[in-house]
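Coordinates in review
As a plain string of letters, each chain reads:
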Amino acid sequence: MRCMKFIGYIPFGYPNIEKSIEIVETYVAAGCKALEISFPTYDPVDESEMITEYMRKALLNCNDYEKYMTGIQCVRDKHPNLEINLLMFVDIIDQIGLEKLCSFYTKNRIACIICPDIDTNKELKAYLVGNGIKFSSPVHYDFTEAEIKNCLNNDGFVYVQAFPTKGQKVIEGYDTLDKIISYLKRVGVNQPIYAGVGIKTVEDVQLIKAAGADGFFVGGTLMRIMEDDSLQLAIKQFIDAGK
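Below you will find a few notes about this structure. (Residues numbered from 1 in each chain as written. Predicted model: local features only at pLDDT ≥ 70, side-chain atom pairs only at ≥ 80, totals over all residues. Heavy atoms only, no water.)

**Regarding helix α9 (residues 202-211)**
The criterion, for reference: Throughout, exposure labels follow a simple rule: accessible area from a 1.4 Å probe, protein chains only, divided by the maximum for the residue type, with under 20% read as buried, over 50% as exposed, and the rest as partly exposed. The helix count covers DSSP runs of H or I at least four residues long, the strand count covers runs of E at least two residues long, and both are numbered beginning at the N terminus. Starting at the helix axis, one direction is taken to each C-beta atom, and the arc is that of these directions. Note on contacts: a residue pair qualifies if any of its non-hydrogen atoms lie within 4.5 Å across the two residues.
All buried positions along α9 are accounted for by D204, V205, I208, K209 and A211. Along the axis of α9, the buried positions cluster into a sector of 155°, meaning they face one direction only. Pointing more than 90 degrees away from the buried face of α9 are the exposed residues L207 and A210. Taken together, the buried residues of α9 touch α8 (177-186), β7 (193-196), β8 (215-218) and α11 (231-241). Of the residues one or two after α9, G212 is the one with positive phi, at around 100°.

Okay, structure coming up:
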């Protein structure tokens, strides 16, 4: 039976770096084998109000990206087999520096970087890809030809929007996730296809599995109980729903 990969989301630095590392331990204890860990920025592109708020609060506590990198290094040292994907933006890449980021990516065996605004700087992306960094390719319900070309040209996974947001334009004939995934495969996309955004229940996960996704992200739903005792059980329930 086909199993989907569960990817948990850690807003690193909220409420502080030390607590984020503890939350990683909860995810791992629940059976999570892959994480998306974000570097905070004040104005993240295409992120929810909740994630934006958490990122801004994290930066109020610590705006030194060197310390965030050290914290993620700690996660890697504790969990050598954990898949780590990074969420970051071009402004963060500029602040960290290209050589330092490439070294950090390689040393910590980062799987992929999710960078929603990387295609605003083609030269930057070309340099990083040339140094071995993989980027995910986003696909929205109002996807463009450029998004599809990215899927075909990038080595990283495809990050497809799981559900359309209220009022969002939807392309005729591609109004459900299964139709989008079928189209991606039909045009030759071979990378893993992971779904995210708006996944709130185990029933949502079952719909995503039926649509043919290879994995799924859960963010806000688990962020709301991040400091509650119920977090570990909730993670297990999402993991089990993907099996």
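Having seen it, we continue.
**Some remarks on the pattern of salt bridges**
Filter applied, for reference: Take a side-chain nitrogen of Lys or Arg and a carboxyl oxygen of Asp or Glu: if they are within 4 Å of each other, that pair is a salt bridge.
Here the structure, examined in full by the defined rule, presents 10 salt bridges. The partner of E53 in a salt bridge is K57, with the nearest N and O atoms 2.9 Å apart. On the criterion of helical spacing, the pair formed by E53 and K57 is a turn pair, its members being 4 residues apart in helix α2 (residues 49-61). On the basis of relative accessibility, which here comes to 38%, the residue E53 falls in the partly exposed class. Among the salt bridges present, the one from E145 reaches K149, with a minimum N-O distance of 3.5 Å. Of the two residues, E145 and K149 are both situated in helix α7 (residues 145-153); the distance of 4 residues between them amounts to about one turn of the helix. The exposure class assigned to E145 is exposed, which follows from its relative accessible area of 59%. One connected set of salt bridges, linked through shared partners, spans D119, K122 and K125.

**A look at helix α1 (residues 17-29)**
Basically, it comes down to this: In this scheme, a helix's expected span is set at 1.5 Å multiplied by one less than its residue total. Any N or O atom pair separated by 3.5 Å or less is treated as a polar contact, with the protein-specific requirement of one donor-capable and one acceptor-capable atom, and with residues adjacent in sequence counted only for side-chain atom pairs.
Here α1 contains 13 residues, and its C-alpha end-to-end distance of 19 Å stays within 8% of the 18 Å for a straight helix at 1.5 Å per residue. Within the sequence span of α1, burial applies to I17, S20, I21, I23, V24 and Y27. On an axial view of α1, the arc spanned by its buried residues comes to 160°, and they lie on one face. Against the buried residues of α1 lie β1 (5-10), β2 (34-38), α3 (65-78), α10 (220-223) and α11. Where α1 begins, one side-chain oxygen reaches toward the backbone nitrogen of E18, 3.2 Å away; that side chain belongs to N16. Note on α1: the residue one or two positions beyond its end, G31, has a positive phi of about 105°.

Any link to function would need more than the numbers given here.
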